[in-house]
Amino acid sequence: MKQDLQPLKGFRDFLPEQARKRDYALNLIKQTFQNFGFEPLETPTLEYQSLLLGKYGTEADKLVYKFEDEGKRQIGLRYDQTVPTARVIASSLNQLGIPFKRYQIQPVWRAEKPQKGRFREFLQCDIDTFGTTSSIADAEIITASITALKNLGLGNLKMLLNSRLLLFEMIEQANITEKDALSVIQSHDKLEKIGRDGVVKELSGKGLSTTTIDLLFDLITKAKPNVELQQVISACLQLGLTPSELEFSPTLARGLDYYTGTIFELVSDDYPVGSLAGGGRYDNLVGRLSGTDIPAVGIALGFDRIIEAMETLNLFPDNLVPAKVFVTFSDSYLQEATLNLVTNLQKQNISTFLYPNPEDKLTKQLKLANKKQIPYLIILGTQEAKLNKFTLKDMTTGVQQLLTLNDLLTTLQK
């Protein structure tokens, strides 16, 4: 029986061209996070179900990949990076020191229906600060996120801000019980996807009257930033953001249960297909795991959507190729000289693709160099060897030069 060679639905292979783009973006994101003083952290792929479940909300819990392992343990795949990191904070507080600022870039898994831009396995890029309720921490998270996307070339960025405290206050004013508050927020979070009519229908299905729903929407429409949000916005401006990069959005809800204060989502008018990042303050999560309250605030970048935006807007540089130089093999008797050349190139940090089959014709080698879009090609043939020189060909212009090793290295380093 022929093996199915396609990956599982909702999972993907990344061939070299796409993987290079992802590496390029990841390196710039990491550099930005490190410039803001965030430290790297990694957590296991698998966690106990008891850790994961009950932290995200009823609907999100259904999307956790759950199974029993060979040891009869009830475990699950990492759903996000916030809950596992909260476990690390709870268990390693003295070792880490407080406040603790971390970035984490790892895959997560969600058992949801795959659709455009949504996958069952995807990469999350998080930054979080633990151990402070200061509005400066919220502002730094927001500023670092916007800066990271700016460094990738994205423009017209805007962070939408709201507060769970403000939402809870309006829910209370609409005479909605405290036990229904999180369920109402989960429905309200779908406003952009299903529209007001869809949210009204869902809230009605949860037992809310038309009067209550209308009152809630009226309160949200008339809402103003509370003191918490005003302080965060002020700190963002002091950190160098502009007023156009910040917008109070009273309809913003964020669906996960663990948010307690400021919530935010990053969007771009240049790529208006949804948020590019989202997060907020979650001051109670670590305390639920350890019994010790440790406030926290963080954000997750939507890496796949960011890559889509960069491709659509042509933000990737042209030089994302396997190597700068393609070294041909013209004859097996020149193997030692060819390998010495490659060693010299790599010692000078000139990325080099060595063609490994001496018996193949030069035309075949040239075809591969063109396919891989490597900008320079070096030929060491019988004539070159006699002169102790090398032919360097610019694959873009077709111009060839016969150069000594020193001149070759100098030319390629420019």
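The structure presented is a predicted model; accordingly, all values stated were derived computationally and were not measured.

> So what's going on with the packing of helix α7 (residues 164-173) against helix α10 (residues 210-221)? Residues and values would help.
Where α7 meets α10, the axes come as close as 9 Å, and the angle between the chain directions of the two elements is 140°. Overall, the two elements α7 and α10 adopt an arrangement that is oblique. Where α7 crosses over α10, the two elements pack in a sense that is right-handed. Contact residues: α7 offers L167, M170, I171 and Q173, while α10 offers L215, L216, L219 and I220. Taken together, the residues that form the contact of α7 with α10 break down as 7 nonpolar, 1 polar and no charged.

> Give me the lowdown on the packing of aromatic side chains, citing residues and values where you can.
For the structure shown, the criterion picks out 10 aromatic pairs. With 6.2 Å between their ring centres and 85° between their planes, F130 and Y282 make a pair best called edge-to-face. Here F130 is found in strand β6 (residues 121-130), whereas its partner Y282 is found in the loop between β10 (277-281) and α12 (285-290), with 152 residues between them in sequence. Across the pair, Y282 and F130 agree in class, each one buried. Considering the side-chain rings of Y258 and Y282, the 5.5 Å spacing of their centres and the 55° angle between planes classify their relative orientation as tilted. Here Y258, found in the loop between β8 (246-248) and β9 (262-268), pairs with Y282, found in the loop between β10 and α12; they are 24 residues apart in sequence, far enough to count as distant. Judged by relative accessible area, which is 5%, Y258 ranks as buried. A relative accessible area of 1% places Y282 in the buried class. Positioned above the aromatic ring of F119 is the side chain of R12, whose terminal nitrogen or guanidinium carbon lies 3.6 Å from the ring centre. For the cation-ring pair, R110 lies above Y79, with the distance from its terminal atom to the ring centre recorded as 4.0 Å.

> Describe the environment of E17, naming the residues involved and giving the relevant values.
Along the chain, E17 falls in helix α1 (residues 16-35). The sequence separation of E17 and V321 amounts to 304 residues, and the corresponding C-alpha distance is 7.6 Å.

> Any details on the confidence of the model for the chain? Residues and values, ideally.
A low pLDDT score tells you not to read the predicted coordinates there in detail. Mean pLDDT over the chain works out to 89, with 97% of the residues at or above the 70 mark. Mean pLDDT across the secondary structure elements of the chain bottoms out at helix α8 (residues 178-188), with 69, and peaks at helix α6 (residues 135-151), with 98.

> Describe in detail the pattern of salt bridges, supporting the description with residues and values.
According to the stated counting rule, one finds 15 salt bridges in the structure shown. We note a salt bridge from D360 to K364, for which the minimum N-O separation is 3.7 Å. Overlapping salt bridges bring together R12, R22 and D304 as one network.

> Kindly report on the environment of Q124, identifying the contributing residues and their values.
As for its position among the elements, Q124 is in strand β6. The exposure class of Q124 is buried, given its relative accessible area of 8%. Sequence separation between Q124 and D4 is 120 residues; the distance between their C-alpha atoms is 28 Å. When neighbours within four sequence positions are excluded, Q124 is seen to be in contact with D80, Q81, Q104, I105, Q106, V108, R110, A300 and L301.

> Break down the nonpolar core for me, with residues and values.
I142, L149 and M159 are the most contacted members of the largest nonpolar core, which has 85 residues in total. Take this core: its biggest share by element is 8 residues, from α6. The contacts of I142, once residues within four sequence positions are left out, are M159, L161, V232, C236, L241, L246 and F264. Core analysis: the second largest hydrophobic core is formed by 15 residues, V325, V342, L345 and F390 among them.

> Before we move on, could you go through the pairing of strand β15 (residues 390-394) and cite the residues and values that matter?
Counting buried residues in β15 gives 4 out of 5 residues, a clear majority hidden from the surface. Bridge analysis of strand β14 (residues 376-379) against β15 gives 4 bridges, and the strand direction is antiparallel. In the strand pairing of β15, I378 is matched with L392. Direction of pairing for β15 relative to strand β16 (residues 400-403): antiparallel, over a ladder of 4 bridges. By the bridge assignment, L392 is partnered in β16 with Q401. Hairpin connection between β15 and β16: a loop of 5 residues separates the two successive antiparallel strands, and G398 in this loop has a positive phi of roughly 85°.

> Talk me through the side chain of T143; I want residue IDs and the actual numbers.
Structurally, T143 is set in helix α6. Here the side chain of T143 touches A139 through a polar contact of 2.7 Å, landing on its backbone oxygen.

> Please provide a residue-by-residue account of the sheet that holds strand β12 (residues 325-327), values included.
The strand order across the open sheet built from 5 strands is β13-β12-β14-β15-β16, with neighbouring strands paired in mixed fashion. In the strand order of this sheet, the two ends are held by β13 (352-354) and β16, each with one partner. The mean angle between the axes of side-by-side strands here comes to 25°, regardless of whether they run parallel or antiparallel. In this fold helix α14 (residues 335-347) packs onto β12, β13, β14 and β15, with an angle of close to 160° to the strand it touches most, β13.

> Tell me about unusual backbone geometry, residues and numbers included.
Here the bond from I98 into P99 is cis, since omega is -5°, no more than 30 degrees from zero. Following the sequence through the fold, P99 ends up in the loop between α5 (93-96) and β5 (100-109). One non-glycine residue with positive phi stands out, namely N314, at about 55°. You can see N314 is positioned in the loop between α13 (303-312) and β12.

Criteria and cut-off values
- By convention here, each chain's residues receive numbers from 1 onward along its written sequence.
- Where local features are concerned, this predicted model is filtered to residues with pLDDT of at least 70; where side-chain atom pairs are given and counted, the filter is 80 or more; whole-chain, interface and lining totals use all residues.
- Side-chain descriptors were evaluated using all non-hydrogen atoms of the structure, hydrogens and water having been removed beforehand.
- Throughout, an axis means a line fitted to C-alpha atoms (over the contacting stretch in the case of helices), and angles, computed between N-to-C directions, take values from 0 to 180 degrees.
- Secondary structure elements follow DSSP: runs of H or I no shorter than four residues count as helices, runs of E no shorter than two count as strands, and numbering proceeds from the N terminus.
- Under this scheme an angle from 65 to 115 degrees is roughly perpendicular, one under 35 degrees roughly parallel, and one over 145 degrees roughly antiparallel; angles in between are oblique.
- Throughout, a crossing is termed right-handed when the near helix is turned clockwise from the far one, and left-handed when it is turned anticlockwise from it by less than a right angle.
- Contact definition: two residues touch when any of their heavy atoms are within 4.5 Å.
- Lys, Arg, Asp and Glu make up the charged group, whereas Ala, Val, Leu, Ile, Met, Phe, Trp, Tyr, Cys and Pro make up the nonpolar group; the residues left over, Gly among them, are polar.
- Planes of paired rings set the category: under 30 degrees apart is stacked, over 60 is edge-to-face and the rest tilted, where pairs are Phe, Tyr or Trp rings (Trp by its six-membered ring) whose centres lie within 6.5 Å.
- Whether a residue is buried, partly exposed or exposed follows from its accessible area with a 1.4 Å probe, protein chains only, as a fraction of its type maximum: under 20%, in between, or over 50%, in that order.
- The criterion is that NZ of a Lys, or CZ of an Arg, lies within 6 Å of the ring centre and within 35 degrees of the ring normal, and then a charge sits over that ring.
- Values of pLDDT, ranging from 0 to 100, describe the predictor's confidence in every residue of the model.
- Counted as salt bridges are all cases of a side-chain nitrogen of Lys or Arg within 4 Å of a carboxyl oxygen of Asp or Glu.
- Side-chain atoms within 4.5 Å link the members of a nonpolar core, which is a set of buried Ala, Val, Leu, Ile, Met, Phe, Trp, Tyr and Cys residues.
- Criterion used throughout: strands pair if DSSP finds at least two bridges between them.
- Two N or O atoms count as a polar contact when they lie within 3.5 Å, although within protein this holds only if one can serve as hydrogen donor and the other as acceptor, and sequence-adjacent residues are included solely when both atoms are side-chain atoms.

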